[in-house]
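# Overview (structure and organization)
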Amino acid sequence: MNPKPPRQIGILGGSFDPVHKGHLALAEAAREQFNLDEVRLMPCAQQALKVHHPTPAEDRCALLRLAIATHPKLTLDCREVFRSGKTYTYDTLLELRREDPDAHYWFICGMDSVCQFDQWYRAADLIEMCSFIVFDRPGVEVPEKPFHPALLNHRLSGPYLDISSSDIRARLAAGAPVEDKIGTLEARYIKEHKLYITKEEQ
């Protein structure tokens, strides 16, 4: 009997503050192009190389659950966002490999992450632990000498939706519509829980 092929699992991390249609389109594009069985959206407590202080984890996870409800191959993994202390991709991959040693993991990240990869915790070990799917970022050039050639072995084909969470936060704070950028249910949740508004409005 032929052995069962390993499950191919994508991981798309980030603050998801808030999750938007661009995140979902990116996850689905990676799943389809690289024939992944599943893509896990994995919110983090605080991205190590960013200074933005995110919205409470409970709200971001709730928004993600609403966003992926109609995407059966996208799943939510909140292990990082509720982990105490610093959280690193290395630690997460160790956990995942212990839970499912037969699976193969694909880490989905932007070209900006490739440019900063030498700053990642145990970067050399990560190269051995998973494959990388890299998508382009506007204004970010492909590095001539990446940390490791394997980082550029799997490039995701564009185009991508030009949506950013920071722009959505600014629009919400200004009272501008965002329904073209996030789902209806997510917009309702944000309104009901008074997220992303100024203190004066609260």
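To start, this report covers the structure provided alongside it. (Residues numbered from 1 in each chain as written. Predicted model: local features only at pLDDT ≥ 70, side-chain atom pairs only at ≥ 80, totals over all residues. Heavy atoms only, no water.)

### Points about the sheet that holds strand β3 (residues 74-76)
The 5 strands are arranged β3-β2-β1-β4-β5 in an open sheet whose pairing can be described as parallel. Edge positions in the sheet fall to β3 and β5 (131-135), since each has one partner strand and no second. In this sheet, neighbouring strand axes are inclined to one another by 30° on average, regardless of whether the strands run parallel or antiparallel. As paired elements, strand β1 (residues 8-14) and strand β2 (residues 38-43) share 6 bridges and run parallel to each other. Counterpart to Gly 14 in the pairing with β2 is Pro 43. (Pairing = 2+ DSSP bridges. Helix = DSSP H or I, 4+ residues; strand = E, 2+ residues; numbered from the N terminus. Axes fitted to C-alpha atoms, helices over the stretch in contact; angles between N-to-C directions.)

### Regarding the side chain of Glu 186
Locating Glu 186 in the fold gives a position in helix α7 (residues 184-192). Although buried, Glu 186 forms no salt bridge, and the nearest oppositely charged side chain, Lys 21, lies 7.9 Å from it. (Buried < 20%, exposed > 50% of the residue type's maximum accessible area, 1.4 Å probe, protein only. Lys, Arg positive; Asp, Glu negative; His and termini not counted. Salt bridge = Lys/Arg side-chain N within 4 Å of Asp/Glu carboxyl O.)

### Some words on unusual backbone geometry
Along the chain, Asp 17 connects to Pro 18 via a cis peptide bond; the corresponding omega equals 0°. As for its placement among the helices and strands, Pro 18 is situated in the loop between β1 and α1 (21-33). Look at Asn 35: it is not a glycine, yet its phi comes out positive at around 55°. By secondary structure assignment, the location of Asn 35 is in the loop between α1 and β2. Classification of Asn 35 as exposed rests on a relative accessible area of 63%.

### Description of the packing of helix α2 (residues 57-67) against α7
Two quantities define a packed helix pair, namely the angle between the axes and the distance from one axis to the other. Axis separation between α2 and α7 bottoms out at 8 Å; the angle between their running directions is 155°. Classed by the angle they form, the pair α2 and α7 counts as roughly antiparallel. For the element pair α2 and α7, the recorded crossing hand is right-handed. For the pair α2 and α7, contact is made by Glu 58, Asp 59, Ala 62, Leu 63, Leu 66 and Ala 67 and by Leu 185, Glu 186, Tyr 189 and Ile 190, respectively. Of the residues contributing to the contact of α2 with α7, the split by class is 7 nonpolar, no polar and 3 charged. (Parallel < 35°, antiparallel > 145°, perpendicular 65-115°, else oblique. Left-handed = near helix turned anticlockwise from the far one by under 90°. Contact = heavy atoms within 4.5 Å. Nonpolar A, V, L, I, M, F, W, Y, C, P; charged D, E, K, R; others polar.)

### Focus on the environment of Leu 93
Its place among the elements puts Leu 93 in helix α3 (residues 89-99). Classification of Leu 93 by relative accessible area gives buried; the value is 1%. Dropping the residues within four chain positions of it, Leu 93 is found in contact with Ile 11, Tyr 105, Leu 126, Met 129 and Cys 130.

### Structural notes on the pairing of β1
Counting buried positions along β1 gives 6 out of 7 residues, so the element sits mostly inside the fold. By the bridge criterion, 5 bridges tie β1 to strand β4 (residues 104-110) in an arrangement that is parallel. Note that in β4 the partner of Gln 8 across the bridge is His 104. After leaving β1, the chain enters α1 and then returns to the sheet as β2, a path that is right-handed. (Right-handed = clockwise from strand over helix to strand, strands pointing away.)

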